[in-house]
Amino acid sequence: MTKSKILVIGAAGQIGTEITHELSRIHGKEKIIASDIKPEAKDIFKDIEYISLNVMDQKAFKALLEKYNFDVIYHFAAILSASGEKNPERTWEVNTKGLLNVIEAAKNHNIKKIFWPSSIAVFGPTTPKVDTNQSPYMDPTTVYGISKLSGELWVSYFNERYNMDIRSLRYPGIISYKTAPGGGTTDYAIDIFFKAITTGKYSCFLNNNTFLPMMYMPDAVKATIELMEAPKKSLSIKTSYNVGSFSISPELLYKTIKKRIPDFKIDYQPDFR
């Protein structure tokens, strides 16, 4: 067994990439193991040890936990909202069964702490849209949201039933630039910047005045690590904490980008997202 390490699952995703690098900065590269289903993702991490891992492969996951002495797991592997609607059954399997695989394996290997991200997708049409409280009525309308709400209940169950320490945030849309959009509804707020620079035009799948909650990546990383470093006794929520920053619409983003790129053009073609 090696010295205790931190495992990041889904490390090549939007949030996983930046969390992995920040954890390596804080704890040292030798402390971190990055994993993702994509073998080619090892090029993202350079001096950080990388392992290709499918979280649905219980045998391989168990072998990994037996090889290393992990203290903490960050579990980001998931199929996101817009991509999830194309294959609901697969999304449910990966998001829900994948989480249960991680929790069960962690329970059997005495992992001290787990972080698992929930999402604003757990909210729905009847959830209050302004000053949303911690425990509103939740009626998600996507399989992604359904899987996240189910995941929150599993997290609460294992925290209460087995006294585990699984922590979670309900992320809003995250705006970043280091990875390409990953199939979430809020990812338009990343794609619009890339398209403004590369093509000078953007076709938006939302209406111009659709306001969605957003957060800059550095704030999301900070919130995540602060939650994980907080003493367990100070935490009162067993499911997932609300976290927020600001809300913005495609039209506001367009007008702001246009100040820097005057010839930038946008059209609106709303679809299922």
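That block above? That's the structure.
Residues numbered from 1 in each chain as written. Predicted model: local features only at pLDDT ≥ 70, side-chain atom pairs only at ≥ 80, totals over all residues. Heavy atoms only, no water.

A. Structural context of the environment of Ala-34. Within the element layout of this structure, Ala-34 appears in strand E2 (residues 32–36). On the basis of relative accessible area, Ala-34 is assigned to the buried category, the value being 0%. Measuring from C-alpha to C-alpha, the distance between Ala-34 and Gly-16 comes to 8.9 Å, with 18 residues separating the pair along the chain. When residues no more than four places from it in sequence are discounted, the contact partners of Ala-34 are Val-8, Ala-11, Thr-20, Phe-45, Ile-48, Glu-49, Tyr-50 and Ile-51. (Helix = DSSP H or I, 4+ residues; strand = E, 2+ residues; numbered from the N terminus. Buried < 20%, exposed > 50% of the residue type's maximum accessible area, 1.4 Å probe, protein only. Contact = heavy atoms within 4.5 Å.)

B. Examining the nonpolar core more closely. Leu-23, Tyr-74, Phe-76, Phe-115 and Tyr-171 are the most contacted members of the largest nonpolar core, which totals 30 residues. Mapped onto this core, the elements with two or more residues apiece are strand E1 (5–9), helix H1 (14–27), E2, strand E4 (70–75), strand E8 (169–171) and helix H7 (217–229). At seven residues, the largest contribution of residues to this core is made by H7. With residues near it in sequence (within four places) discarded, Leu-23 still touches Ile-6, Val-8, Gly-28, Ile-32, Tyr-74 and Ile-225. (Core = buried A, V, L, I, M, F, W, Y, C linked by side-chain atoms within 4.5 Å.)

C. Layout of H1. Its 14 residues give H1 an end-to-end C-alpha distance of 21 Å, which sits within 8% of 20 Å, the value for a rise of 1.5 Å per residue. Of all the residues in H1, the buried ones are Gln-14, Ile-15, Gly-16, Thr-17, Glu-18, Ile-19, Thr-20, Leu-23 and Ser-24. (Expected span 1.5 Å × (residues − 1).)

D. A look at the sheet that holds strand E13 (residues 246–248). Strand order in the open sheet formed by three strands is E9-E11-E13, with mixed pairing between adjacent strands. Unpaired on one side and paired on the other, strand E9 (173–175) and E13 mark the two borders of the sheet. Looking at each pair of strands side by side, their axes are set apart by 50° on average, direction ignored. Relative to strand E11 (residues 212–216), E9 runs parallel, the two being bridged by three bridges. Pairing of Ile-175 across the sheet is with Tyr-216, part of E11. In this fold H7 packs onto E9 and E11, with an angle of close to 80° to the strand it touches most, E11. (Pairing = 2+ DSSP bridges. Axes fitted to C-alpha atoms, helices over the stretch in contact; angles between N-to-C directions.)

E. Expanded view of the sheet that holds E2. The strand order across the open sheet formed by six strands is E3-E2-E1-E4-E5-E7, and the pairing between neighbours is parallel. Two strands lie at the open edges of the sheet, namely strand E3 (49–52) and strand E7 (166–167), each paired on one side alone. Of the pairings in the sheet, the one linking E1 to E2 comprises four bridges and is parallel in character. Bridged to Ile-6 within E2 is Ile-32. Together, E1, E2 and E4 form the strand contacts of H1, whose direction differs from that of E1 by roughly 170°. Against the sheet, H7 makes contact with E4, strand E5 (113–115) and E7, and its axis sits at roughly 160° relative to E5, the strand it touches most.

F. Representation of the packing of helix H6 (residues 188–198) against helix H8 (residues 250–260) within the structure. It is at 11 Å that the axes of H6 and H8 come closest, and there the two elements cross at 30°. Between H6 and H8, the angle is such that the two are roughly parallel. Pair H6 / H8 crosses with right-handed handedness. Facing H6, whose interface residues are Tyr-188, Ala-189, Ile-192, Phe-193 and Ala-196, H8 presents Pro-250, Leu-253, Tyr-254 and Ile-257. Of the residues in the contact of H6 with H8, the class split is nine nonpolar, no polar and no charged. (Parallel < 35°, antiparallel > 145°, perpendicular 65-115°, else oblique. Left-handed = near helix turned anticlockwise from the far one by under 90°. Nonpolar A, V, L, I, M, F, W, Y, C, P; charged D, E, K, R; others polar.)

G. View of the pattern of salt bridges. This model, assessed by the stated rule, comprises 10 salt bridges. Ionic pairing is found between Arg-25 and Glu-22, a salt bridge with its closest N-O pair at 2.7 Å. Of this pair, Arg-25 and Glu-22 both sit in helix H1, three residues apart, roughly one helical turn. Relative accessible area serves as the criterion here: at 23%, Glu-22 is assigned to the partly exposed category. Between Lys-107 and Glu-104 there is a salt bridge; the shortest N-O distance is 3.5 Å. Of this pair, Lys-107 and Glu-104 both sit in helix H4 (residues 88–108), three residues apart, which is roughly one turn of that helix. Residue Lys-107 is classed as partly exposed on the basis of its relative accessible area, which comes to 25%. The exposure class assigned to Glu-104 is partly exposed, which follows from its relative accessible area of 34%. (Salt bridge = Lys/Arg side-chain N within 4 Å of Asp/Glu carboxyl O.)

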